[in-house]
Amino acid sequence: MVRGTNVYGILRAPRAPRTEALVLSAPCSEGNNNNQAVGLLLGLAQYFRSQIHWAKDIIFLVNEHDLIGMQAWLEGYHHTNTTGGDWSPLQGRGGSIQAALSLELSSDVITSLDLVLEGLNGQLPNLDLANLFYAFCQKIGVLCTIQGKLQRNDWDTTSGYSHAAQTMMLMVLKQASGRPWGDHGLFLRYHIEAASIRGINSFRQYKTDTTTIGRLLEGMYRKLNNLLERLHQSYFFYLMPSLSRFVSIGYYMPAFGLLAVILLLRALDLWVQLGASPPGTEDGVAGGVQPSSPGVLSILTPVVISHMTGVALYTLPILSQEMAVQHFPVSETEAVVLTAIAIYTAGLALPHNTHRLLQGEGTEEGWRVLKLVALLYLAVLLGCTALINFSLGFILALSLVPIAAFITPHTPKALSAAIMVLLSPGCTLLYCVFLFQELQETPVSLQDGWMLFLSVISQGILDHALYGSLVYPLLALLIYPCWLLLWNILFWK
Amino acid sequence: MAAPLTLLLVVAVTIRAVLFRSSLAELIPERVEVVSPLNAWKRVVEGLALLDLGVSPYAGDVFHETPLIIYFFHFVIDYAEIVFMMADALTAVALYLAVKDYNKTVFRKQKYALEAERYPLDCLELIRTPKEMYYIPLKVAMFYLLNPFTILSCVAKSTCGLNNAVIALFILCTVKGSSLMSAIFLALATYQSIYPLTLFAPALLYLLQRLYIPVNWQRSSFWLFTTQYAFMYLGSLCVMVCLSFFLLSSWDFLSSVYGFILSVPDLTPNIGLFWYFFAEMFEHFRLFFICVFQINVFFYTIPLSIKLKEHPVFLIFMQIAIISIFKSYPTVGDIALYMAFLPAWNHLYRFLRNIFLVSVVLLACSALFPVLWHLWIYAGSANSNFYYAITLLFNVAQILLVSDYFYAYLRREHHLTHGLYLKRKDGSEATLVLK
């Protein structure tokens, strides 16, 4: 049970109706993590109070427990209750929030400001906000970075290109995780454009002091103050290889589209091979009396069992947490994660047990129909995922499309089984963890990487419970059963 | 066949009961694909509340269902969930019995045609056998009860389920040959929403066929029966309208129900084609386009009746499909009704050309509807164009499905009269093209 208090103050616009607001927030983290931001916030508040040109109310917010406090404040402000948290009603409100910035400063002098854009479920603020911030930083003369990397000018050389590619890969990995990477991530769900600004103090000679940061923030807020409408003119779906370049959805979606087309072509090929397969298998569900098509039950069984395993993977780790802590010497987090991994691995044993349940053998036609259903299911699932969170959809497509296209019961079993396990969603997550650490220039050993992987799983489950992140339910309830269907096809007898 | 049907009903009722008690029961009635301003449960409750306060339920432009529905729910409001589950069960049983009777008729006609040697020798593989037709009624009931669209519509407590029940009972009475009951149920269906008016023609054709009255303009027996049926139908309709007047003591319901359906004032997005057009249209042209869109529903009746006058049950299927696609406020419950008929046309499978594409598009669109709604309304990253694109694609896929079945049906009839392997005049193999 987590309890906390948020503190906020509203600077009312002196001569305007109180219909719109801007938010400046500083998370009150533990220890020395964010010890300068609140000071700057209060200084800015005092300075803003003496100015008369504000047309929107400005809300200064200090939230406890970072994201949890922010979620509670936003739910209290908008009177929603998406995550089941309990909050006391807010005494004062300021109208609809147009934009928000979250400030993280750990030292009073900085060398650069890092802009963090990725929000919950991979949602990004409007590109206009990022461009606005970068342009203003350049004008003031403060160094601005993205993903912690400074952008280079030699973007047409190989090393410049690889630097930009690394920056973009970092953004892809961060977006795919579905976590909010700053307090701003929770604003995006309420259609409020928000970004986080993090001060970085590295070993550089030229340092910027707090006054300049204050002027920067004042300039940003004056720009946001002058907005006549919400920021919506620029792209909402983009990837940034550097702060001055972006890849829009029109460029990166065809790449994903081509991957999805592979699945559809393979499905078409199977349909033509089948000739006279039963149509409309997506309508009639449940075992009825069907003597004329003996294949239906043998196809339905793997589908139902895979989905039940997915449901088990989703619900059991949390439900059996109590029991696991009592019987085994592990902490609660470890119990949840290890249960999840146990169920995941137990799913690998399924085909051998399913075939004991079914009487008779599956036919040649049987696995073709099952593969057709699995391919179409995977194609629609990946398409929907890519629309909501492109990076997640793309990474899953990269690992699942090759195995989905090539797996048949006739490929060499040992090799195919090894490849399937290596490309399963769990292992993809493991590779992503290692890749992420590599790209951040803090490579980890296998041992540390494994511990990091376990903490990523627990964080995913926690994010789903706390903020409604969709990555864990998607992987457990939909992607994993799909992978299990393909595993069933591999071991079809 | 009673035991499998009972098992099916038990399974269907269990699924619906489980969903009614789960957390999805609050989410589903909010979805615009499942409920429309005409048949949302929220609006029925609102109308009942207004009625209890003594105000006309049609005041305030919230409630758009007919007075008979509001009085029906006035008495059974506490058992609403059971009412909707029973409506679904009733629809399934009615469709089961109707298709069973229809299969008997088909088989009898086929037997007479075989004895009269009207089929060419090489199309014997197109003849339907009792073994193949034995499980079709059960499959029809299964396709209706276990269709995710029907389950969603039932859990949302949309009155579309009641409309489907009335239409299914109408089909049952028509197939059994009782013209009075058929007229009464058709009048009730028309009274609920105007579009089943177009089902008058196929019902008339079926009853004429059953009584061996040829469809000939000069024959007096034809006109006699038509007048009888029309009189019964219009009489029942008048009785229902007048009864509604006496229930509520005002004619408000005419403009609130029928005026609402015909003039489409509410432009909430749904899976139909009207909302986007009328959202961006200038007022000056609105009447013209309303007329064009509404005529589109009624327009296909006469040509289809002429082409399919020997096959009225297929005409009923096509007409229900056209109503579900082109009506002003369609929901997935309407689609579920015509999809229930698809197992009855299983024998057409070999002539269907686009079934793979249509199934994939329908599946993908059903999955994309909630995703694009979320991106438009909640994330703000998309806009109405994306949602309407999926709506258009969904409706195009449905139209393709219906026209594909139409092609397959006509092609089979052609083969039955001209032989399966067609030869041109010089003996080479010919292909069939639908002009």
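An account of the accompanying structure is given in this report. Everything numeric here is computed off the predicted structure, so don't read it as measured data. (Residues numbered from 1 in each chain as written. Chains lettered and ligands numbered in written order. Predicted model: local features only at pLDDT ≥ 70, side-chain atom pairs only at ≥ 80, totals over all residues. Heavy atoms only, no water.)

**Structural notes on the pairing of strand E4 (residues 96-104) of chain A**
Residue and element names in this part refer to chain A. Put simply, the test is: Exposure is judged per residue with a 1.4 Å probe applied to protein chains only, and the accessible area is read against the type maximum: over 50% gives exposed, under 20% gives buried, and values in between give partly exposed. Helix and strand labels come from DSSP, where a helix needs a run of H or I of at least four residues and a strand needs a run of E of at least two; each type is numbered from the N terminus. When DSSP finds two or more bridges between a pair of strands, those strands are recorded as paired.
For E4, the buried fraction is high: eight of the nine residues fall into the buried class. In terms of strand pairing, strand E2 (residues 20-28) meets E4 through six bridges, oriented parallel. Within E4, the position partnered with Ser 25 by the bridge is Ser 102.

**Let's talk about the environment of Ile146(A)**
Mapped onto the elements of the fold, Ile146(A) is located in strand E7 (residues 144-146). Sequence separation between Ile146(A) and Leu243(A) is 97 residues, and the spatial gap between their C-alpha atoms is 6.5 Å.

**A word on helix H9 (residues 332-346) of chain A**
Filter applied, for reference: Expected helix span is taken as 1.5 Å per residue step, with the number of steps being one fewer than the number of residues.
The terminal C-alpha atoms of H9(A) lie 21 Å apart, and with 15 residues this matches the ideal 21 Å at 1.5 Å per residue to within 8%. All of the buried residues in H9(A) are Ala335(A), Val336(A), Val337(A), Thr339(A), Ala340(A), Ile343(A) and Tyr344(A).

**Focus: the packing of aromatic side chains**
Each pair of aromatic rings is reported with the distance of its centres and the angle of its planes. Formally: Ring pairs shown here join Phe, Tyr and Trp side chains whose ring centres sit within 6.5 Å, with only the six-membered ring taken for Trp; geometry is labelled stacked below 30 degrees between planes, edge-to-face above 60, and tilted in between. The criterion for a charge sitting over a ring is simple: Lys NZ or Arg CZ within 6 Å of the ring centre, and within 35 degrees of the ring normal.
Taken as a whole and judged by the stated rule, the model has 62 aromatic pairs over all chains. Taking 6.0 Å as the distance between ring centres and 85 degrees as the angle between the ring planes, the aromatic pair formed by Trp345(B) and Tyr409(B) counts as edge-to-face. Highlighted residues: Trp345(B) in the loop between helix H18 (332-339) and helix H19 (355-378) and Tyr409(B) in helix H20 (residues 384-418), separated in sequence by 64 residues. The buried category is assigned to Tyr409(B), whose relative accessible area is 6%. Of the aromatic side chains, those joined through ring pairs into one cluster are Phe274(B), Trp275(B), Tyr276(B), Phe277(B), Phe278(B), Phe293(B), Phe369(B), Trp373(B), Trp376(B), Tyr387(B), Tyr388(B) and Phe394(B). In this arrangement the basic side chain of Lys174(A) is found over the ring face of Trp181(A), its NZ or CZ atom lying 5.2 Å from the centre.

**Thoughts on the nonpolar core**
To be explicit about the condition: The definition of a nonpolar core used throughout is a set of buried Ala, Val, Leu, Ile, Met, Phe, Trp, Tyr and Cys residues joined through side-chain atoms within 4.5 Å. We call two residues contacting when some pair of their heavy atoms lies within 4.5 Å.
Formed by 288 residues in total, the largest nonpolar core has its most connected members in Phe73(B), Tyr229(B) and Trp345(B). If we ignore the near neighbours within four places in the chain, the residues touching Phe73(B) are Trp41(B), Val44(B), Leu48(B), Val83(B), Phe84(B), Thr159(B) and Leu162(B). Ranked by size, the runner-up nonpolar core spans 18 residues in total, among them Ala21(A), Ile59(A), Leu61(A) and Met70(A).

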